[in-house]
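Summary of structural features
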Amino acid sequence: MTATGNAAIHYLEQFREQRPELPGREPAWLDGLRREALEHLATAGLPTPRDEAWKYTNVSSIAAQAFTPAAPGAAVPDRALLESLLEPGLGGPRLVFVNGRYLPELSSPPALGGGVRVRPLAAALAEGGESLRPHLAWPPGDGSGFTALNTAFMADGACIELAPGARLEEPLHLVFVGGEDVLASPRNLIIAGAESSATVVEEYVGPEGGRYLTNTHTRISLEEKAQLVHYRLNRESLRAFHMGELRIRQAAGSRFVSTAVALGGLISRTEVRVDFSGEGAETRLNGLYVASGRQHTDHHLHIDHRLPGCTSEQFFKGVLDGAARGVFSGRVVVHPDAQHTDARQSNKSLLLSRNAEMDARPQLEIYADDVKCAHGATVGQLDGDALFYLRARGVGEAEARHLLIHAFVGDVLDRIPLPPLRQALERLLWARLDRREAAGA
Amino acid sequence: MLTIKNLTASINDKPILRGIDLEVRPGEVHAIMGPNGSGKSTLANVLAGREDYAVTGGEVSWQGRDLLALAPEERAREGIFLAFQYPVEIPGVSNVNLLKAALNAKLKHLGREELDAYDFLALVKERMKLVQMPEDFLYRAVNEGFSGGEKKRNEVLQMAVLEPLLGILDETDSGLDIDALKIVADGVNALRAPDRSFVVVTHYQRLLDYIVPDHVHVLAHGRIVKSGGKELALDLERRGYGWIAELERGAGDDARA
């Protein structure tokens, strides 16, 4: 039996134990969904490098460890530790989840009203959740073993509903805290009615040195002309594992701008899948990854242009040091009817050490003839001539490297128009990079 | 001030400098001329500390200190400035940030207080006038998209802000039209001072019409084969580098003697 097969059996056993505790035994549809997903997991197992989409990301070390799916009442880190992990906050409304479950004591949800409804998913499901059913659907065989695993164990997360025209004025901060040996399976829903708008920050943190698995899944549905600015910040423990999925469905004229920043996790992967269901929709996926030591960081993007006049952009940059490995797989498919598509894709990585490695796979498949498409990928080192030029002006070597790395990541940071988040990110980024510089890695 | 004794250097095990001797005193302007491949730019880069070149022998003393033991940034802070033949484009780093980082590094090294934002900007803007550089250049990325002339003016601007004791101009005239050449030369001349020296590396005599040297040295195959006053540059212009071969044979004989 393979490690991934064993993992599937482990989680099957866990499911048997926990099933009575999981929300949604009533309604029966949810229970059915979980069982179908588990069935799939038991047959297909967790992904292996033989799966094309997982060729460069080997998760056998995740499969080899038996994490315990978070149960209600699982141990929660003490208050002081939690509060330190929540720094730096954004000062606005916040929902905190520990091991994937809502923690009201540390949360401050936005005020109800104005067509904005923000609830923990568990609460929504306890009320029947019939309206959420289409947003939780799991088509047989959908996604990877991790998708199935999340579907089986999803219990809580943020459920954000915006009525047509509603505006969430302040950025909504969702913080997910991981705990030792636990599998957390947050499931988030953002359902934005026509012409509504919001900014949502998803942040994943964990105690330093903590070993756990976050397997998170967020679904976003944007109705006509809805606008969502989305941030995804992974600053998990450097020993933790992070598997994240983001699925976006966009109706005509909607706009989705996302920035994913990956700093944490021993192995981390973020999958983003965008489907346009209407014309003239726009999606911009920005990303920044920083990895060192033996970290592995993977971004797997898939955008389908099936309808005319949609715009997509992927703009990803990364800095890799030590023996870190980065993967970028960006796939854009422009189907035959998707005329006047504007699709751009860019991935640039900076390798600071000889042992760092980057696999960049920009893929553009175009089946329409009247489109604007461009893609490019570069992998390089710090420019030795630039370094000497700065030093020849009196700038010390460490500061010169700092300036050049800052210049490299600067244009991704420039795409974060939320000052408190941007400042927090700059601090986190430099804390990571400077620690690396100090260690001489 | 700067004393070079029997300096030899190579790149990828290929000897380029084969024994340079040179003495530069405060306030002097020395021109180093010579045909392509004679080692002029190597000399300039070795003095600035470029690590691509291996110094294989000899000594360089700078104000009584062993220059070759210093890192490039230490040389810069101790007052040596190399104006690059090919100034490097650095996307994402603005001119103003580079100037600030460079000037502060130097002031800190000298144990002086860093300039505040107001004084710094006042200084930079005043020095920009020297090279007739419009203000928006300050906020553009270092040399990115600059024309050849703009890049060289930017080098002179950096020199004017950093106020070195020794300016090394590495073929600063290459690729410049006559107007740009004049602006650059005027900038350099404005910086001439009794305690500030220049080493001007050039292929052509033309630049020396504007920056008049006290001494001219002819470099060939990694050695100074002839030294003289400014009239030597005119001689070279008239006779070309062809007669250098004869000088070299002479220098070779001297070396064997």
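The rules behind each value
- Residues numbered from 1 in each chain as written.
- Chains lettered and ligands numbered in written order.
- Predicted model: local features only at pLDDT ≥ 70, side-chain atom pairs only at ≥ 80, totals over all residues.
- Heavy atoms only, no water.
- Helix = DSSP H or I, 4+ residues; strand = E, 2+ residues; numbered from the N terminus.
- Rg over C-alpha atoms; globule rule 2.2 N^0.38 Å.
- Contact = heavy atoms within 4.5 Å.
- Areas by Shrake-Rupley, 256 points an atom, 1.4 Å probe, with all protein chains shown as cover.
- Lys, Arg positive; Asp, Glu negative; His and termini not counted.
- Charge placed at Lys NZ, Arg CZ, Asp CG, Glu CD.
- Buried < 20%, exposed > 50% of the residue type's maximum accessible area, 1.4 Å probe, protein only.
- Disulfide = S-S within 2.5 Å.
- Axes fitted to C-alpha atoms, helices over the stretch in contact; angles between N-to-C directions.
- Parallel < 35°, antiparallel > 145°, perpendicular 65-115°, else oblique.
- Left-handed = near helix turned anticlockwise from the far one by under 90°.
- Nonpolar A, V, L, I, M, F, W, Y, C, P; charged D, E, K, R; others polar.
- Core = buried A, V, L, I, M, F, W, Y, C linked by side-chain atoms within 4.5 Å.
- Pairing = 2+ DSSP bridges.
- Buried area = accessible area lost by both parts, 1.4 Å probe.
- Salt bridge = Lys/Arg side-chain N within 4 Å of Asp/Glu carboxyl O.
- Polar contact = N/O pair within 3.5 Å; in protein donor to acceptor, adjacent residues only side chain to side chain.

1. Observations concerning the overall build of chain A
- Helix and strand counts for chain A come out as ten helices and 21 strands.
- Taking 2.2 N^0.38 as the reference for a compact globule, 441 residues should give roughly 22 Å; the C-alpha atoms of chain A span a radius of gyration of 21 Å, in line with that estimate.
- Each principal axis of the C-alpha distribution contributes one length, and for chain A these read about 70 × 50 × 45 Å.
- Taking all contacts inside chain A whose residues are at least 6 apart in sequence as the whole, residues at least 24 apart take part in 84%.
- When the accessible surface of chain A is summed, it comes to about 16700 Å², and 50% of that surface belongs to carbon and sulfur atoms.
- Looking at chain A, you have 46 positive and 54 negative side-chain charges, and the mean spots of the two groups are 2 Å apart.

2. Things to note about the overall build of chain B
- The secondary structure content of chain B amounts to nine helices and twelve strands.
- C-alpha atoms of chain B, sized along the principal axes, occupy 60 × 40 × 35 Å.
- Residues classed as buried in chain B amount to 54% of the 257 residues present.
- For chain B, the proportion of contacts with a sequence separation of at least 24, taken over those separated by at least 6, is 69%.
- Taken as a whole, chain B presents about 11400 Å² of accessible surface, with 47% of it coming from carbon and sulfur.

3. A short note on the state of the cysteines
Residues and elements named next belong to chain A.
- This structure, assessed with the given rule, holds zero disulfides over all chains.
- Cysteine cysteine 310 remains unbridged, with the sulfur of cysteine 373 as its closest cysteine sulfur at 12 Å.
- For cysteine 310, a relative accessible area of 0% translates into the label buried.

4. Regarding the packing of helix α4 (residues 117-130) of chain B against helix α5 (residues 148-162) of chain B
Residue and element names in this part refer to chain B.
- Direction vectors running N to C along α4 and α5 enclose 135°, while the axes themselves pass 9 Å from each other. Here α4 lies oblique to α5, going by the angle between them. Every pair of crossing elements has a handedness; the one defined by α4 and α5 is right-handed. For the pair formed by α4 and α5, the contact residues are Leu123, Val124, Arg127, Met128 and Leu130 on the first element and Leu157, Ala160 and Val161 on the second.
- Here the residues of the contact of α4 with α5 sort into seven nonpolar, no polar and one charged.

5. Considering the nonpolar core
- Ranked by size, the top nonpolar core spans 118 residues in total, and within it Val319(A), Ile4(B) and Ile90(B) carry the most contacts.
- Looking at which element gives the most residues to this core, the answer is helix α9 (residues 397-413) of chain A, with nine residues.
- Those residues in contact with Ile4(B) that sit more than four places away from it in its chain are Ile20(B), Asp21(B), Leu22(B), Leu43(B), Leu47(B), Glu59(B) and Val60(B).
- The next biggest cluster of nonpolar side chains, apart from the first, holds 48 residues, and it includes Ile160(A), Leu174(A), Val272(A) and Met358(A).

6. Some details on the environment of Ala160(B)
Residues and elements named next belong to chain B.
- Inspection of the secondary structure puts alanine 160 in helix α5.
- Look at alanine 160 and you get buried, because its relative accessible area is 0%.
- Taking the C-alpha atoms as reference points, alanine 160 and leucine 123, 37 residues apart in sequence, are found 9.6 Å from one another.
- Setting aside residues up to four positions removed in sequence, alanine 160 forms contacts with Arg127, Leu130 and Leu191.

7. Some thoughts on the sheet that holds strand β4 (residues 54-62) of chain B
Residues and elements named next belong to chain B.
- A sheet is described by the order of its strands in space; here four strands give the open sequence β2-β1-β4-β5, paired in antiparallel fashion. Each edge of the sheet is formed by a strand with only one pairing partner; in this case those strands are β2 (14-24) and β5 (65-66).
- As judged from the eight bridges shared by strand β1 (residues 2-11) and β2, these two strands associate in the antiparallel manner. Of the residues in β2, the one forming a bridge with leucine 7 is isoleucine 20.
- Of the strands in this sheet, β1, β2 and β4 touch helix α1 (residues 40-48), which is tilted by about 110° from β1.

8. Focus on the interface of chain B and chain A
- Each partner contributes to the interface: chain B provides 29 residues, whereas chain A provides 17 residues.
- A combined buried area of about 1800 Å² lies between chain B and chain A, and 65% of that area is made up of carbon and sulfur atoms.
- In this structure, Glu73(B) engages Arg391(A) in a salt bridge whose closest nitrogen and oxygen atoms are separated by 2.6 Å.
- Taken together, the links from chain B to chain A amount to eleven residue pairs in polar contact (both at pLDDT 80 or more).
- Residues that form the side of chain B that touches chain A fall into these classes: 19 nonpolar, five polar and five charged.

9. Re the sheet that holds strand β3 (residues 29-33) of chain B
Residues and elements named next belong to chain B.
- Here we have six strands laid out as an open sheet, ordered β6-β9-β10-β3-β11-β12, and mixed in their pairing. Sheet topology places β6 (80-83) and β12 (223-228) at the edges, where each strand pairs with a single neighbour. When the angles between neighbouring strand axes are averaged without regard to direction, this sheet yields 20°.
- Sheet topology places β3 next to strand β10 (residues 197-202); five bridges connect them, and they run parallel.

10. A word on the side chain of Ser41(B)
All names here are of chain B.
- Take serine 41: it is sitting in helix α1.
- At 3.3 Å, the side chain of serine 41 forms a polar contact with the side chain of glutamine 85.
- Not counting residues within four places of it along the chain, the set of residues in contact with serine 41 comprises Gln85, Asp170, Glu171 and Val201.

11. A word on the pattern of salt bridges
- Counted according to the given criterion, the structure contains 44 salt bridges over all chains.
- For Arg16(A), the salt bridge identified is with Glu13(A), shortest N-O distance 3.8 Å. With a gap of three residues between them, Arg16(A) and Glu13(A) both fall in helix α1 (residues 3-18), about one helical turn apart.
- Between Glu135(B) and Lys125(B) there is a salt bridge, and its shortest N-O distance comes to 3.3 Å. On the criterion of sequence distance, the pair formed by Glu135(B) in the loop between α4 and β8 (141-142) and Lys125(B) in helix α4 is long-range, its members being ten residues apart.
- According to the relative accessible area criterion, Lys125(B) is partly exposed, its value standing at 29%.
- Connected through shared salt-bridge partners, Arg255(A), Glu282(A), Arg284(A), Glu313(A) and Arg415(A) make up one network.

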